[in-house]
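Here is what each chain is made of, one letter per residue.
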Amino acid sequence: MKKIIISTGGGDAPGLNAVIYAVVHSCYRRGWEVYGSRSGYKGLLDLDEIRHLTIENVEGIYATGGTILGSTNKGNPFSTPVENLAGEIQIVDVSDRILSNFNRMGFDCHIAIGGDGSLDIAHRFSLKGMPVIGVPKTIDNDLEATDRTFGFDTAVSTATEALDKLHSTAKSHDRVMVVEVMGRDSGWIALYSGISGGADVILLPEIPFDMDAVCKKITNNELHGKHYAIVVVAEGASVKGGHVIDKGEGELGRAEKVLGGIGEWVATEIRTRINKDTRSLVLGHLQRGGSPTTFDRLLALRFGAAAVRLIESGNFGQMVALSGSCMVPVPLSEAITSRKKVNLQSDKVLTAREIGICFGSPED
Ligand code: F6P
């Protein structure tokens, strides 16, 4: 009999519950017990936040968004901000306490479901001696070690549906609609939704853009009788020579700043430069919400089941990954080394250019 604990860390992504479902069922078949740690490592830190997960608890959750365990993108156990008696914030390392709770509770393995930040933490626990298996999640699809992360397909579907709807209103008012999508430093959501949703312009973090090129595309549209345009801009995109726009000071206990504002910046530039009626909108967390698509559900269920097979074979310190059509283990040490960027030579980028989409570069 084995005793497994699961946690979900970082921003939520549709498919987290499907992983939990698959882990609970795969463990049940083997006669193993599964527990969930609330809000990332909080459960393991304060033991009252650990819950036993049974087949009954997870009934039907494979089809639901969010995570039944809760998640957080603040509070790395290796550097946790804590308020002392004088009201000052001190950074403390609570990883030893988590590891000793893990051992005291008699857990055999921790399945850590997360993006690059959470997987980095999982790797550090693995180096401290905790048997860990990582499961990759993020709507940003920016983990190099796996062909896909779950959550991405759902986010792209949501963004594409939004673009489909914006065409009719943009056309009715002869307007430019600038749509800001998520993705941090990688332009996957912008690229996939922009191509599929009929964007005229896609601005990616991987291609610093030129506003002259963007405006030229919109005025060329006018010459061809198209009086509206859809511009998709990734939150991490920036103008050539400029910088990524964020929401100011970072949040306490959070490694990265919250991005946002580039959509409105681009809209203002278009309005000022070519005097065209322009509106911007931020799709924001809509992209993280809702039920996982069939693709994400299936991928998440496969990741969950593959994670349990890895535990059975005693192959710890690994992350499950999708390679082609197969589930493969990748050492956590390799999985966290680099972020996956859009390949500018890929056929998707070529396709976009062939069908007339502008990336805001002078050669478009
Ligand atoms: O990493 C997933 C993600 O949704 C990014 O695309 C986005 O920049 C960030 O999380 C938003 O984080 P929060 O939910 O804390 O605003």
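Residues numbered from 1 in each chain as written. Predicted model: local features only at pLDDT ≥ 70, side-chain atom pairs only at ≥ 80, totals over all residues. Heavy atoms only, no water.

1. Brief notes about the side chain of glutamate 180
Part 1: The topology assignment puts glutamate 180 in strand β8 (residues 176-181).
Part 2: No salt bridge is formed by the buried glutamate 180; the nearest opposite charge belongs to lysine 247, separated by 6.0 Å.
Part 3: A polar contact of 3.2 Å, which involves the side chain of glutamate 180, links it to the backbone nitrogen of glycine 261.
Part 4: Setting aside anything within four residues of it in sequence, one finds glutamate 180 in contact with Val233, Glu235, Gly260, Gly261, Ile262, Gly263, Leu281, Val282, Leu283 and Gly284. (Helix = DSSP H or I, 4+ residues; strand = E, 2+ residues; numbered from the N terminus. Buried < 20%, exposed > 50% of the residue type's maximum accessible area, 1.4 Å probe, protein only. Lys, Arg positive; Asp, Glu negative; His and termini not counted. Salt bridge = Lys/Arg side-chain N within 4 Å of Asp/Glu carboxyl O. Polar contact = N/O pair within 3.5 Å; in protein donor to acceptor, adjacent residues only side chain to side chain. Contact = heavy atoms within 4.5 Å.)

2. Quick look at the sheet that holds strand β6 (residues 109-114)
Part 1: Pairing within the open sheet is mixed, and its 7 strands lie in the order β3-β2-β1-β6-β7-β12-β13. At either margin of the open sheet sits one strand with a lone partner, and together these are β3 (50-53) and β13 (326-331). Put simply, the sheet's adjacent strands are angled 30 degrees from each other on average, direction ignored.
Part 2: Here strand β2 (residues 33-37) pairs with β3 via 4 bridges, running antiparallel. Residue glycine 36 lies in a different strand from β3, and its bridge partner there is arginine 51.
Part 3: Sheet strands in contact with helix α4 (residues 116-127) are β6, β7 (132-136) and β12 (318-323), and its direction is about 170 degrees off that of β7.
Part 4: Contacts from helix α9 (residues 294-312) reach β1 (3-8), β6, β7, β12 and β13 within the one sheet, and its direction differs from that of β12 by about 135 degrees. (Pairing = 2+ DSSP bridges. Axes fitted to C-alpha atoms, helices over the stretch in contact; angles between N-to-C directions.)

3. Topic: the packing of aromatic side chains
Part 1: One pass over the full model with this rule turns up 9 aromatic pairs.
Part 2: The interplanar angle of 40 degrees and the centroid separation of 5.8 Å between the aromatic rings of phenylalanine 102 and phenylalanine 107 together place this pair among those described as tilted. For the residue pair phenylalanine 102 and phenylalanine 107, the accessibility class agrees, reading buried in each case.
Part 3: Where phenylalanine 152 meets tyrosine 192, the ring centres are 5.0 Å apart and the plane angle is 70 degrees; that geometry is what we call edge-to-face. Of this pair, phenylalanine 152 sits in helix α5 (residues 152-172) while tyrosine 192 sits in helix α6 (residues 188-196), and the two are 40 residues apart along the sequence. Grouping residues by exposure puts phenylalanine 152 and tyrosine 192 together as buried.
Part 4: Each residue in the set Tyr35, Phe102 and Phe107 is aromatic and connected to the rest through ring pairs, giving one cluster.
Part 5: Positioned over the ring face of phenylalanine 295 is arginine 148, at 4.9 Å from the centre of the ring.
Part 6: A cation sits over an aromatic face here: lysine 340 above tryptophan 188, 5.8 Å from the ring centre. (Phe/Tyr/Trp six-rings, centres within 6.5 Å; stacked < 30°, edge-to-face > 60°. Lys NZ or Arg CZ within 6 Å of the ring centre and 35° of its normal.)

4. With respect to the environment of lysine 348
Part 1: Structurally, the position occupied by lysine 348 is in helix α11 (residues 347-354).
Part 2: With a relative accessible area of 35%, lysine 348 lands in the partly exposed category.
Part 3: With near-sequence residues (within four places) excluded, lysine 348 lies in contact with Leu191, Tyr192 and Ile195.

5. Focus: unusual backbone geometry
Part 1: Backbone geometry at asparagine 141 places phi at a positive 55 degrees, although glycine is not the residue there.
Part 2: Positive phi is not limited to glycine here, since arginine 184 has a value of about 50 degrees.
Part 3: Take arginine 184: it is sitting in the loop between β8 and α6.
Part 4: Relative accessible area serves as the criterion here: at 13%, arginine 184 is assigned to the buried category.

6. Points about the pairing of strand β10 (residues 229-234)
Part 1: With 6 of its 6 residues buried, β10 lies for the most part within the structure.
Part 2: Of the two faces of β10, the one lined by Ala229, Val231 and Val233 and the one lined by Ile230, Val232 and Ala234 are each fully buried.
Part 3: Pairing geometry for β8 and β10, over 6 bridges, is parallel. Bridge pairing in β10 places valine 176 opposite alanine 229.
Part 4: Strand direction decides the pairing type here: strand β9 (residues 201-203) and β10, joined by 3 bridges, are parallel. The residue bridging isoleucine 202 from the neighbouring strand is valine 232, located in β10.
Part 5: On the question of chirality, the crossover connecting β9 to the parallel β10 by way of helix α7 (residues 211-223) is right-handed. (Right-handed = clockwise from strand over helix to strand, strands pointing away.)

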